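Remarks on the overall topology
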Amino acid sequence: MLTIDFDRLGIGPVTKVIDVGCGAGRHAFEAYRRGADVVAFDQNEDDLRSVDSILHAMAENGEAPENAAAKVVRGDALNLPYADETFDCVIASEILEHIPEDDAAIAELIRVLKVGGTLAVSVPRWLPEQVCWLLSEEYHSNEGGHVRIYRASALRDKILGSGLELTHTHHAHALHSPFWWLKCAVGVANTGHPAVTAYHKLLVWDLMQRPKITQLAETVLNPLVGKSVAMYFIKPRPTESQAEQGCSVALG
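Here is what the cut-offs are and how they apply
- Residues numbered from 1 in each chain as written.
- Predicted model: local features only at pLDDT ≥ 70, side-chain atom pairs only at ≥ 80, totals over all residues.
- Heavy atoms only, no water.
- Axes fitted to C-alpha atoms, helices over the stretch in contact; angles between N-to-C directions.
- Helix = DSSP H or I, 4+ residues; strand = E, 2+ residues; numbered from the N terminus.
- Parallel < 35°, antiparallel > 145°, perpendicular 65-115°, else oblique.
- Contact = heavy atoms within 4.5 Å.
- Nonpolar A, V, L, I, M, F, W, Y, C, P; charged D, E, K, R; others polar.
- Salt bridge = Lys/Arg side-chain N within 4 Å of Asp/Glu carboxyl O.
- Buried < 20%, exposed > 50% of the residue type's maximum accessible area, 1.4 Å probe, protein only.
- UniProt positions renumbered as here; feature names shortened; annotations may be inferred.
- Pairing = 2+ DSSP bridges.

With that out of the way, let us pick up the packing of helix 4 (residues 126-135) against helix 6 (residues 176-186). Relative to each other, helix 4 and helix 6 sit at 10 degrees, their axes nearing to 8 Å. When the axes of helix 4 and helix 6 are compared, the pair comes out roughly parallel. In this structure, helix 4 uses Pro128, Val131, Cys132 and Leu135 to contact helix 6, whose residues at the interface are Ser177, Trp180, Trp181, Cys184 and Ala185. Its residues assigned to classes, the contact of helix 4 with helix 6 comprises eight nonpolar, one polar and no charged.

Here it is as structure tokens:
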């Protein structure tokens, strides 16, 4: 289940991509399928071990082009171990809401992005997230949980203020909002509740079969209750005055 729209990223052979906070690896896998040189980056060793196994299986099964490359790297999103302007595309899906120092994380995402490259960011949307927080403290108050609820405009302005240009915004996963409201209402850990089980079966059916009825429902409902908001930015070339200023600073 992808939150980021890969058709907007221009990913293909020799594209260098980093999926920061890759989690279970869904976006890293898609970039690899499209032939990119992918880094699946996270701080969770267990997640990375699973992602690495799947990447190797994809290679063995011919699910990625032969010239594509993929690896997992463990590290801190606040201190990415890469030089400035290393990647053509930087993906940060559903991680910034977990990071107290989000300004520092955003600065790192932008630092390693090449000029002309694309930054794709997604976070939980304000309204569906507010409902979850109101219904359940357990939903967010746990180790590694959500530390804030973003308004899309506030996150957008943070990134625009760092010099990037917004190219597109959309919402995703409307069918997942009621599922999480339901889980929060009955208890997040109460996975065996009949209503939760039934709704989960619906989501699995949608994921596996992609029937037209659920695709249509999400298209209609995403602008209203999409669980996530995704934003896409490009890193423009510095203006002549900015380049001169940077040069003077470097010269001291």
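Here Val14, not a glycine, exhibits a phi torsion of approximately 70 degrees, which is positive. Structurally, Val14 is set in the segment before strand 1 (16-20). Positive phi outside glycine occurs at Arg210, with the angle close to 50 degrees. Within the secondary structure, Arg210 sits in the loop between helix 7 (194-209) and helix 8 (212-225).

Below, the discussion takes up the pattern of salt bridges. By the definition in use, this model includes 16 salt bridges. The salt bridge involving Arg33 is made with Glu30; its shortest N-O contact spans 3.4 Å. Linking Arg33 with Glu30, this pair stays in helix 1 (residues 26-33), spanning three residues, or about one helical turn. According to the relative accessible area criterion, Glu30 is buried, its value standing at 14%. Residue Glu129 pairs with Lys227 through a salt bridge whose shortest N-O separation is 3.4 Å. Residue Glu129 is found in helix 4, and its partner Lys227 is found in the loop between helix 8 and strand 7 (228-234); the two are separated by 98 residues along the sequence.

Bringing the UniProt feature "domain: Methyltransferase type" (unreviewed entry) in the protein into the picture now. Mapped onto the present numbering, the UniProt feature "domain: Methyltransferase type" (unreviewed entry) falls at residues 18-120. Here residues 18-120 is 33% helix and 29% strand, with 11 Å between the C-alpha atoms at its ends.

The next point concerns the side chain of Thr118. In this structure, Thr118 sits in strand 5 (residues 113-124). Take Thr118: its relative accessible area is 11%, and that puts it in the buried class. Apart from residues lying up to four places away in sequence, Thr118 is in contact with Leu9, Asp88, Cys89, Val90, Leu113, Phe233 and Ile234.

This paragraph deals with the sheet that holds strand 1. Note on sheets: strands pair through backbone hydrogen bonds, and any given pair is parallel or antiparallel. As summarised here, the arrangement of the seven strands in space is 3-2-1-4-5-7-6, forming an open sheet in which the pairing is mixed. With partners counted over all chains shown, the strands left at the sheet margins are strand 3 (69-74) and strand 6 (165-172), one partner each. Strand-to-strand twist in this sheet, taken as the mean axis angle between neighbours without regard to direction, amounts to 15 degrees. As judged from the seven bridges shared by strand 6 and strand 7, these two strands associate in the antiparallel manner. Counterpart to Leu166 in the pairing with strand 7 is Phe233. Across the sheet, helix 2 (residues 45-60) touches strand 2 (37-42) and strand 3, and the angle it forms with strand 3 is around 170 degrees. Relative to strand 7, helix 5 (residues 152-160) is tilted by about 20 degrees, and along the sheet it contacts strand 5, strand 6 and strand 7.

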